[in-house]
Amino acid sequence: PLLRTALQADSSEMVRTTAAASLAHFKDASGLPLVQAALEHVDFRIRLAAAISFTRMDYNIAKPLVIQALSSRDSLVRSTAYQVIGQNVDSSVAAEVFEAVDRERDLYAKVQGLWTVGRIGGAESLPKLLYFLPDEQEELRHASAEALVLISDRLLQSGGVPQKIP
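Residues numbered from 1 in each chain as written. Predicted model: local features only at pLDDT ≥ 70, side-chain atom pairs only at ≥ 80, totals over all residues. Heavy atoms only, no water.

Chemist: Pulling in residues and values, what's your account of the overall build of the protein?
Modeler: Along the protein, the regular secondary structure elements total ten helices and zero strands. Shown N-terminal to C-terminal, the secondary structure of the protein runs as helices and strands in the order α-α-α-α-α-α-α-α-α-α. Taken over 166 residues, the protein has a buried fraction of 44%. The long-range fraction of contacts in the protein, counting pairs at least 24 apart against all pairs at least 6 apart in sequence, stands at 59%. (Helix = DSSP H or I, 4+ residues; strand = E, 2+ residues; numbered from the N terminus. Buried < 20%, exposed > 50% of the residue type's maximum accessible area, 1.4 Å probe, protein only. Contact = heavy atoms within 4.5 Å.)

Chemist: Can you tell me about the environment of His41, naming the residues and giving the values?
Modeler: With respect to the helices and strands, the residue His41 is situated in the loop between α3 (32–38) and α4 (44–53). Ignoring sequence-local partners within four residues, the contact set of His41 consists of Glu13, Ile46, Arg47 and Arg73.

Chemist: Quick one: what's the story with the packing of aromatic side chains, residue by residue and with numbers?
Modeler: All told, the structure shown has one aromatic pair when counted by the stated rule. The interplanar angle of 85° and the centroid separation of 5.2 Å between the aromatic rings of Tyr131 and Phe132 together place this pair among those described as edge-to-face. With relative accessibility at 62%, the residue Tyr131 sits in the exposed group. (Phe/Tyr/Trp six-rings, centres within 6.5 Å; stacked < 30°, edge-to-face > 60°.)

Purely geometric numbers; function is a separate question.
Quick look at the structure:
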């Protein structure tokens, strides 16, 4: 009841955004439209609060917003979305993550995206990661190598090591 009151009556947009995210933590999606609007707010602090709230929400409730956040104009929102997908090891959204990494222009967000590919990708991800190994930017080479290790380890443990890279 207190969260719903804050969501509806508090004068602070930051408080309302945090209340909405807290409701999602308890599997209540009623505040998601407010979080969605906050992701594109003009005030960076509001966007940041909304993005960080992904880490506290029930992932199944927040998943549509997390996927949408991969296309945000704000690199911090995109980075947080990559992080949340990777932490939840959600391979069902691998295609969306791969597309977002391809579009990504921010170095930090791209590194976070490559880490996520390492967490959720399989053998089909290997060519994409190998592409970054000769990159000029050390951060991308390192993130790609780390992702290759994560995927290779998973494939070795499952016995699914490909004889040939796709």
